[in-house]
Amino acid sequence: MGAPGFSGNIDPNRRRRSQAAFARAKQLMPGGVNSPARAFGGVGGEPIFFERGDGAYLFDIDGNRYIDYIGSWGPMILGHNHPHVLQAVQSAAARGTSFGAPTLAENELAELIIEAVPSVEKVRLVNSGTEATMSALRLARGFTSRDVVIKFAGNYHGHVDSLLVAAGSSAATLGVPNSPGVTSGTTKDTLVLSYNDPAGLEATFAEHGPRIAAVIFEPVVGNMGCVAPTADFLSALRDLTVKHGALLICDEVMTGFRVAYGGAQSRLGITPDLTTLGKIVGGGLPVGAYGGRAKIMDHVLPAGKVFQAGTLSGNPLATAAGIATLKLLRDESPYAKLEQLSARLAAGLDRAATVAGIPHTVARVGSMMTLFFNPEAVTNWEVANACDVEQFSKYFWGLLVQGIYMPCSQFEALFVSAAHRAADIDATVSAAAEVLAKIARI
Ligand code: KE4
């Protein structure tokens, strides 16, 4: 099944090798992918197989080049194949890939994270964002001796059983926000509220306050598309958790080092009790992390009694990529450039959709943004879920066949990297203008 209704400079026939590879992949792996976010479930058609990335570009196995706005769903803030990161990984690999014992690189990556994120006094490295959120939740429950956790519809925190309720990202895209296999016993202590609803949060604390261990939230949501928090919501999150003795967990797996070097919490001025990280901290290799006040973190085994472990946690390759990435972000600070390029893209997409007469809004925080096919500003899952996903799918495919690789779901954010140039942004905007004009005429 090819691109619905659009032709561009990528001849659908020039996706033959991807199509053959996907047919084989489906015989080997469920849905032919190792993560549903890649399956194009939200846009139809078949995923593209890529061979390599370089800077802002991806190259597929049929030889087509794309301007990449997925960036591996966030990690590739420096662009693909950055020479310093490559060099760091290659020299680490030459010394051995995993020892299952402490290394100096773990100290170095921990120090970089603690220096960057003021609310983090101690940190534990793990292998994914999911492990980070799962562990932070267990720690919050162990520290408070309470069971109930609050999350928000449209927020995705990885495939943690107790949080796979009204989840965002591919759970929302594929319509399984509450997964089979997650037992009612697992989710009975999970309360799901509406994002940006301080009154709802206050009412829930009034009813359940003494039982609530933690509130976990995305400080800037990426997983229902890009949604920023209101000031009232942020104040309510911090005030109510303090008042009722619950912990506030800032899930910065996506926003950490993305929207600012100190994460969304430094940009928004909120100080959580625990922070979860992933994606950029591994520079494209598997690293997750959770951290916070030493008084809380020292409850984690072996300092304390809250169990968490991992064979490859802090392994030499992943920490090398993470250290190289964070040092480049700290020393070269590409955030002003990211802001300029991202503002140019957001304004261009907004203008293109307006000229085409397509009802829409554009939401952006730093170098993450979403073009929502919905004229109402998206503040929560209910509004996000009212987007015209059919139009989004046509927009996605119209750009893909022109060599522009946008996130394959209305419920994801796109990412600009430090490797993107103004020419890439302008090419994207002019292609979008053409595609959106075509959509408006259908
Ligand atoms: P991972 O387990 O995928 O490393 O991280 C889970 C996670 C936790 N918290 C937030 C805020 C996240 O965005 C994620 C993962 N993000 C999705 C994309 N929206 C990952 C893509 C995928 O699932 O393949």
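Position labels on residues start from 1 in each chain and follow its written sequence. Given that this is a predicted model, residues contribute local features only at a pLDDT of at least 70 and side-chain atom pairs are listed and counted only at 80 or more, while totals for whole chains, interfaces and linings are drawn from all residues. Excluded from the side-chain calculation are hydrogens and water; included are all heavy atoms of the structure.

Draft legend 1. Quick peek at the overall build of the chain. We count a stretch as a helix when DSSP gives it H or I for four or more residues in a row; a strand needs E for two or more, and each element gets its number in order from the N terminus. Along the backbone of the chain there are 15 helices and 14 strands. As defined in this context, the radius of gyration uses C-alpha atoms, and a globule is described by 2.2 Å times the residue total to the power 0.38. A compact globule built from 442 residues would reach a C-alpha radius of gyration of about 22 Å, and the chain, at 21 Å, matches this within 12%. Considered along the principal axes of its C-alpha atoms, the chain spans approximately 60 × 55 × 45 Å. When burial is assessed residue by residue, the chain has 59% of its 442 residues classed as buried. The buried label applies to any residue whose accessible area, calculated with a 1.4 Å probe on protein chains only, is under 20% of its type's maximum; exposed applies above 50%, and partly exposed to all values in between.

Draft legend 2. Broad picture of the site of the ligand. Definition of nearness: a residue and a molecule or strand are near each other if at least one heavy atom of the residue lies within 4 Å of the molecule or strand. Taken together, 17 residues surround the ligand, and among them Ser35, Thr130, Asn223, Asp251 and Glu412 come closest. We call two N or O atoms a polar contact when they sit within 3.5 Å, provided that within protein one can donate a hydrogen and the other can accept it, with sequence-adjacent residues counted only if both atoms are side-chain atoms. In this structure, an oxygen atom belonging to the ligand sits 2.6 Å away from a side-chain N or O atom of Ser35. Thr130 has a polar side-chain atom sitting 2.6 Å from an oxygen atom of the ligand. Coverage of the ligand by the protein chains reaches 88% of its 540 Å² of free accessible surface. Polarity classes work like this: nonpolar for Ala, Val, Leu, Ile, Met, Phe, Trp, Tyr, Cys and Pro, charged for Asp, Glu, Lys and Arg, and polar for all others, with Gly in that last group. Broken down by class, the residue content of the shell around the ligand amounts to five nonpolar, eight polar and four charged. Note that the domain bounds were set by an automatic or database domain assignment. Residue-level mapping places the shell around the ligand at the junction of two domains, with at least three residues from each of domain 1 (12-68 + 334-441) and domain 2 (83-332). Residue exposure ignores everything except the shown protein chains as possible cover, and the areas themselves are Shrake-Rupley values with a 1.4 Å probe.

Draft legend 3. Region of the structure containing the nonpolar core. If you look at the biggest cluster of nonpolar residues, it comprises 77 residues, and the most contacted ones within it are Ile113, Phe257, Tyr395, Phe396 and Leu436. Inspection of this core shows a minimum of three residues originating in each of domain 1 (12-68 + 334-441) and domain 2 (83-332). Aside from chain neighbours lying at most four places away, what touches Leu436 is Leu349, Ala352, Ala353, Ala356, Ile358, Leu371, Phe373 and Tyr395. The criterion is simple. A nonpolar core is a set of buried Ala, Val, Leu, Ile, Met, Phe, Trp, Tyr and Cys residues joined through side-chain atoms within 4.5 Å. Every residue pair with non-hydrogen atoms within 4.5 Å of one another is taken to be in contact.

Draft legend 4. Region of the structure containing helix α8 (residues 231-244). Between the first and last C-alpha of α8 there are 20 Å, a value that for 14 residues agrees with the 20 Å anticipated at 1.5 Å per step. All of the buried residues in α8 are Phe233, Leu234, Ala236, Leu237, Arg238, Leu240, Thr241 and His244. As for α8, its buried residues are in contact with β5 (148-152), α7 (198-208), β7 (212-217), β8 (247-251) and α9 (263-268). Positive phi shows up at Gly245, right after α8, with a value of about 75 degrees. What a helix is expected to span follows from its residue count: subtract one and scale by 1.5 Å.

Draft legend 5. Quick peek at the sheet that holds strand β11 (residues 361-365). Note on pairing: DSSP must find at least two bridges between two strands before they are called paired. Within the open sheet, the three strands sit side by side as β11-β12-β14. Their pairing is antiparallel. Strands with a single pairing partner mark the edges of an open sheet, and in this sheet they are β11 and β14 (414-415). Here strand β12 (residues 368-372) pairs with β14 via two bridges, running antiparallel. Note on β14: the bridge partner recorded for Met368 is Phe415.

Draft legend 6. Broad picture of the sheet that holds strand β2 (residues 57-60). Ordered in space as β1-β2-β3-β13, the four strands form an open sheet in which the pairing is mixed. The sheet terminates laterally at β1 (50-54) and β13 (404-405), the two strands that pair on one side only.

Draft legend 7. Representation of the pattern of salt bridges in the model. Salt bridge, as used here: a side-chain nitrogen of Lys or Arg that lies within 4 Å of a carboxyl oxygen of Asp or Glu. Tallying each qualifying case throughout the model produces eleven salt bridges. For Arg238, the salt bridge identified is with Asp273, shortest N-O distance 2.7 Å. Of this pair, Arg238 sits in helix α8 while Asp273 sits in the loop between α9 and β9 (274-277), placing them 35 residues apart in sequence. Given a relative accessible area of 6%, Asp273 falls into the buried group. Among the charged side chains, a network of salt bridges with common partners joins Glu115, Arg330 and Asp331.

Draft legend 8. Broad picture of the packing of aromatic side chains. Here a pair means two rings of Phe, Tyr or Trp (six-membered ring of Trp) with centres within 6.5 Å. Their orientation is stacked below 30 degrees between planes, edge-to-face above 60, and tilted elsewhere. One pass over the structure, following the stated rule, counts 15 aromatic pairs. Each ring, one from Phe50 and one from Tyr66, has its centre 5.5 Å from the other, and the planes form 85 degrees; the classification is edge-to-face. In this pair, Phe50 is assigned in strand β1 and Tyr66 in strand β3 (residues 65-68), connecting sequence segments 16 residues apart. Residue classification places Phe50 among the partly exposed positions, given a relative accessible area of 26%. The class of Tyr66 is buried, set by a relative accessible area of 0%. Taking the centre distance of 5.1 Å and the plane angle of 80 degrees together, the rings of Phe152 and Phe233 count as edge-to-face. Here Phe152 is found in strand β5, whereas its partner Phe233 is found in helix α8, with 81 residues between them in sequence. Both residues of the pair, Phe152 and Phe233, count as buried. Clustering of aromatic rings is evident, with ring pairs tying together Phe40, Phe396 and Trp397. Over a ring means this: the NZ of a Lys or the CZ of an Arg is within 6 Å of the ring centre and within 35 degrees of the ring normal. The aromatic ring of Phe59 is capped on one face by Arg52, whose charged end is 3.8 Å from the ring centroid.

Draft legend 9. Focus on the packing of helix α14 (residues 389-400) against helix α15 (residues 422-441). Here α14 crosses α15 at 135 degrees, and the two axes come no closer than 9 Å. Between α14 and α15, the angle falls in the class oblique. Once α14 is placed against α15, the crossing between them reads as right-handed. Contacts from Gln391, Lys394, Tyr395, Gly398 and Leu399 in α14 reach Thr428, Ala431, Ala432, Val435, Leu436 and Ile439 in α15. Orientation is described by axes fitted as lines to C-alpha atoms, over the contacting stretch for helices, and by angles from 0 to 180 degrees between their N-to-C directions. For this classification, under 35 degrees means roughly parallel, over 145 means roughly antiparallel, 65 to 115 means roughly perpendicular, and everything else is oblique. Each crossing is labelled by how the near helix is turned from the far one, with a counterclockwise turn of less than a right angle marking it left-handed and a clockwise turn marking it right-handed.

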